[in-house]
Amino acid sequence: MLQRQGWLVNQKKLRRLYREEKLQVRKRGGRKRALGTRRPMLVPKKPNQRWSLDFVSDAFTEGRRFRVLAIVDDFSRECLALVADTSLSGLRVTRELTAIMARRGRPNTIVSDNGTELTSMAVLRWCHETRIDWHYIAPGKPMQNAFVESFNGSFRDELLNETLFSSLAEAREKIRAWKEDYNLYRPHSSLGNLTPQEFAMKSRLETKAA
């Protein structure tokens with residue numbers, strides 16, 4: 001029972017009257033977000049089976065911050081993109097992924113965390129249009145995205161922590177040079193002491209010969 005200013009009102013009757021007069025206050029729904037898939041991930045056996053991505057943050061010498069979107073092929077360890085900018089939206093992420101696909105083909109799966117940009121409507125729409133599985137790791141479990149986390153550690157230790165950037169143009173140029181060195185000239189013990197590009201090429205030749 002509900003009492004207001006001397007009136008005694010039955011709550012069930014009050015709710016019924018509200019329904020009949022269509023006076024219900026609708027609860028506001030949450031924003032639609034990309035749900036992705038949580039199926040167990042298989043170990044990739046060739047390039048383009050699985051890409052992973054993540055963001056890294058840094059700052060210019062004057063204090064303004066910028067971010068870098070890192071995209072990695074989990075099989076070959078190739079760095080597919082390092083996109084630096086002061087703002088990176090979900091729409092920008094999908095544009096960069098589309099550009100990579102135009103160069104090297106489409107992945108089967110993309111792996112990321114649950115960041116706002118990566119669960120946006122832009123990503124939801126892109127996944128629907130491309131029919132690419134987007135796998136979200138469990139919250140607070142970065143080890144489930146181990147390949148790009150390891151890459152980001154090297155990227156930060158070897159470049160971001162060691163370099164002062166005075167402008168976005170300078171940051172982009174130095175990041176581009178580091179990416180080229182990483183892909184073309186740096187052997188990885190996990191790849192049989194081949195560079196990521198050499199390993200990817202070797203894998204493609206073996207696939208054709210099989």
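Think of each chain on its own: its residues are numbered from 1, step by step along the sequence as written. Totals for whole chains, interfaces and linings use all residues, but because this is a predicted model, local features are given only for residues with pLDDT of at least 70 and pairs of side-chain atoms are given and counted only at 80 or more. With hydrogens and water set aside, each side-chain value is computed from the structure's full complement of heavy atoms.

## Side note on the pairing of strand β5 (residues 79–85)
Then, number 1: Exposed residues in this analysis have more than 50% of their type's maximum accessible area, buried residues have under 20%, and partly exposed residues fall in between, with area computed by a 1.4 Å probe over protein chains only. Helix and strand definitions here come from DSSP, where helices need a minimum of 4 consecutive H or I residues and strands a minimum of 2 consecutive E residues; each element is numbered from the N-terminal end. Counting buried residues in β5 gives seven out of seven residues, a clear majority hidden from the surface.
Then, number 2: Any two strands are treated as partners once DSSP identifies two or more bridges connecting them. Here six bridges tie strand β4 (residues 65–73) to β5, and the two strands are oriented antiparallel to one another. Along β5, the bridge assignment pairs Val68 with Ala84.
Then, number 3: The turn joining β4 and β5, which pair antiparallel and follow one another in sequence, is formed by five residues; a positive phi near 65° is taken by Arg77.

## Observations concerning the pattern of salt bridges
Then, number 1: By salt bridge we mean one thing: a side-chain nitrogen of Lys or Arg within 4 Å of a carboxyl oxygen of Asp or Glu. Per the counting criterion, the structure on display carries 14 salt bridges.
Then, number 2: Here Arg64 and Glu62 are joined by a salt bridge, their closest N and O atoms 3.2 Å apart.
Then, number 3: Across the pair Glu206 and Lys202 runs a salt bridge, and its minimum N-O distance is 2.8 Å. Here the residue Glu206 and the residue Lys202 both occupy positions in helix α6 (residues 196–209), the gap between them amounting to four residues, near one helical turn.
Then, number 4: Through salt bridges with shared partners, a single network forms among Asp85, Arg92, Glu96 and Arg172.

## Some words on the sheet that holds β4
Strands pair in a sheet through their backbones, by hydrogen bonds, and they do so in one of two ways: parallel or antiparallel.
Then, number 1: Across the sheet, which stays open at both edges, the five strands sit in the order β5-β4-β3-β6-β7 with mixed pairing between neighbours. For this open sheet the edge positions go to β5 and β7 (133–136), each flanked by a neighbour on one side alone. In this sheet, neighbouring strand axes are inclined to one another by 20° on average, regardless of whether the strands run parallel or antiparallel.
Then, number 2: By the bridge criterion, four bridges tie strand β6 (residues 109–112) to β7 in an arrangement that is parallel. Bridging from a neighbouring strand, Val111 pairs with His135 of β7.
Then, number 3: Residues are treated as being in contact if the distance between any of their heavy atoms lies within 4.5 Å. For helices, the axis comes from a line fit to the C-alpha atoms of the stretch in contact; other axes are also lines fit to C-alpha atoms, and the angle between any two N-to-C directions lies between 0 and 180 degrees. Where helix α2 (residues 90–104) meets the sheet, its contacts fall on β3 (50–59), β4, β5, β6 and β7, and the angle it forms with β5 comes to roughly 145°.
Then, number 4: Against the sheet, helix α4 (residues 146–158) engages β3, β4 and β5, with an angle of about 30° to β3.

## Side note on the packing of aromatic side chains
Then, number 1: Side-chain rings of Phe, Tyr and Trp, where Trp is taken by its six-membered ring, are said to pair if the distance between their centres is within 6.5 Å; with planes under 30 degrees apart they count as stacked, over 60 as edge-to-face, and otherwise as tilted. Applying the stated criterion to the full structure yields ten aromatic pairs.
Then, number 2: Pairing Phe60 with Phe66 gives two aromatic rings, centres 4.7 Å apart and planes at 25°, and the pair type is stacked. Like Phe66, Phe60 is buried.
Then, number 3: By definition here, charges over rings are those cases where NZ of Lys or CZ of Arg is within 6 Å of the ring centre and within 35 degrees of the ring normal. In this structure, Arg67 packs its charged tip against the face of Phe55, placed 4.1 Å from the ring centre.

## Comments concerning the confidence of the model for the protein chain
Then, number 1: Scored from 0 to 100, pLDDT records how confident the predictor is in each individual residue. Per-chain confidence: the protein chain averages 87 in pLDDT, with 80% of residues scoring 70 or above.
Then, number 2: pLDDT under 50 marks residues 1–7. Its contacts with residues more than four places away, or in other chains, come to ten contacts.

## Overview of the layout of surface pockets
Then, number 1: Here a cavity denotes grid points, spaced 1 Å and computed from the protein atoms alone, that fit a 1.4 Å probe unable to get out, and a pocket denotes an open set having protein on both sides within 12 Å along at least 5 of 7 lines; residues with an atom within 4 Å of a point are the lining. Grid points are joined across faces, edges and corners, and a volume is the space filled by probe spheres set on the points. A volume near 370 Å³ is recorded for the largest pocket.
Then, number 2: The wall of the largest pocket is formed by 16 residues, among which Cys79, Leu80, Arg103, Lys179 and Asn183 lie closest to the centre.
Then, number 3: For the lining of the largest pocket, the secondary-structure elements that each account for two or more residues are β5, α2 and α5 (168–184).

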